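Per-entry structural report
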Amino acid sequence: MLRFDDLQLFVRAADLGSLSAAARVMDLSAAVASAALKRIEQHLGARLLARSTRSLRLTAEGEGFLEYARAALSSLDEGRRLLTSGQDQVSGVLQLSAPSDLGRNLLLPWLDAFQREHPGLTVRLLLGDRIADLFKQPVDIALRYGEPEDSSLVALPIAADNRRVLCASPDYLARRGEPHQLEQLAQHNCLLYMLGSRVHDRWGFHDGKREVSLTVSGDRFSDDADVVRRWAVAGAGIAYKSWLDVSTDVLAGRLKILLPHLQCERAPLNLLCAHRAQLSKPINLLRDMLQARCGQLTARFPFSTGAGH
């Protein structure tokens with residue numbers, strides 16, 4: 001099989017009229033250049049260059065082969081340029097699983113912008129709050145809150161400083177009053193989230209000195225985190241939600257942060273995948289975009305985060 005660098009040497013030698021000059025241009029020794037030319041001639045079964053101590057000329061066979069060698073090198077260069085150009089573009093299918101609330105209210109517009117920037121990319125988005133089985137479901141990556149329970153998964157931080165917040169709508173607070181102490185939550189309707197058969201009715205806080213947790217109750221439960229957010233915005237009660245999920249509502253005045261002197265539970269957002277080999281260019285670009293967008297939101301916590309540990 002003809003070697004690319006051997007062909008280059010033959011063409012250079014023909015152009016320069018000297019094998020030693022071609023060797024110098026290509027930073028080869030005279031012995032290596034001579035061996036390369038010998039390989040080509042042996043492979044083709046023909047003598048391409050007639051050499052003397054002072055001159056070099058193409059044989060008839062060499063003149064006939066030279067144009068084919070030039071065309072082959074040109075085609076290889078063009079193919080390399082096309083490959084490099086293709087690597088600069090993002091294309092293919094990106095299969096992503098995300099929590100319902102984050103997916104509907106933040107991720108959808110972010111993905112719209114991402115696809116406008118990379119029009120060759122197709123996105124397959126699966127929304128749900130159950131943990132996706134990355135080894136069985138047709139997804140490449142998953143966005144999930146909290147530390148992964150499966151230590152075999154690769155977890156890349158997206159919003160490591162994200163936390164939960166207590167929040168309610170101004171309408172609800174006008175009707176029921178605003179709690180100023182944790183114990184007063186017992187007098188309020190707390191909107192509860194379910195994952196599987198487990199109801200998350202134990203809410204944890206840190207008051208600057210110690211961990212505090214209490215069991216809350218309410219008249220509404222849902223296994224869809226976005227439903228809990230919608231109930232809170234509609235004035236149905238108090239929610240204990242990830243800041244990322246309610247940040248838009250808080251900044252727009254639809255929800256108000258309660259007990260801002262307390263530090264709520266951490267809710268780090270991670271990008272999960274089964275193997276590092278899955279971290280393709282589209283996924284790495286998506287990760288960078290998500291880190292930037294989430295960073296802008298976590299930087300806008302409208303309350304102190306200095307309490308606690």
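You'll find the protein chain entered in an unreviewed UniProt entry as LysR family transcriptional regulator, with Pseudomonas bijieensis given as the organism.

Structural notes on helix α9 (residues 281–298)
The terminal C-alpha atoms of α9, which comprises 18 residues, lie 26 Å apart, in line with the 26 Å expected from a rise of 1.5 Å per residue. Considered for burial, the residues of α9 that qualify are Pro282, Ile283, Leu286, Met289, Leu290, Cys294, Leu297 and Thr298. Viewed along the axis of α9, the buried residues span an arc of 160 degrees, placing them on a single side of the element.

Details of the sheet that holds strand β13 (residues 239–242)
Overall, antiparallel pairing links the three strands, which are arranged β13-β7-β14 in an open sheet. The sheet terminates laterally at β13 and β14 (256–257), the two strands that pair on one side only. Strand direction decides the pairing type here: strand β7 (residues 164–168) and β14, joined by two bridges, are antiparallel. Paired with alanine 168 across the bridge in β14 is lysine 256. Taken strand by strand, helix α8 (residues 243–251) contacts β7, β13 and β14, and its axis lies near 105 degrees from that of β13.

Remarks on the pattern of salt bridges
If you walk through the whole model with that rule in mind, you get 21 salt bridges. A salt bridge links aspartate 6 to arginine 39; the shortest N-O distance between them is 2.9 Å. A residue pair is termed long-range when its members are at least 10 positions apart, and aspartate 6 in helix α1 (residues 4–16) and arginine 39 in helix α3 (residues 30–44) qualify at 33 residues. By relative accessible area, which is 4% here, aspartate 6 ends up buried. You can call arginine 39 partly exposed: its relative accessible area is 34%. A salt bridge links aspartate 224 to arginine 104; its shortest N-O distance comes to 3.3 Å. One end of the pair, aspartate 224, is in the loop between β12 (220–222) and α7 (225–233); the other, arginine 104, is in helix α5 (residues 100–117), and 120 residues separate them in sequence. Within the structure, one salt-bridge network assembled from shared partners comprises Asp101, Arg104, Asp224, Asp226, Arg229, Arg230, Lys241, Asp245, Asp249 and Arg254.

Focus: the nonpolar core
Leu143 and Leu286 are the most contacted members of the largest nonpolar core, which totals 41 residues. Counting 20 residues, the second-largest nonpolar core is a separate cluster that includes Leu19, Leu37, Ala69 and Leu73.

Cut-off values and rules
Residues numbered from 1 in each chain as written. Predicted model: local features only at pLDDT ≥ 70, side-chain atom pairs only at ≥ 80, totals over all residues. Heavy atoms only, no water. Helix = DSSP H or I, 4+ residues; strand = E, 2+ residues; numbered from the N terminus. Expected span 1.5 Å × (residues − 1). Buried < 20%, exposed > 50% of the residue type's maximum accessible area, 1.4 Å probe, protein only. Arc of directions from axis to C-beta. Pairing = 2+ DSSP bridges. Contact = heavy atoms within 4.5 Å. Axes fitted to C-alpha atoms, helices over the stretch in contact; angles between N-to-C directions. Salt bridge = Lys/Arg side-chain N within 4 Å of Asp/Glu carboxyl O. Core = buried A, V, L, I, M, F, W, Y, C linked by side-chain atoms within 4.5 Å.

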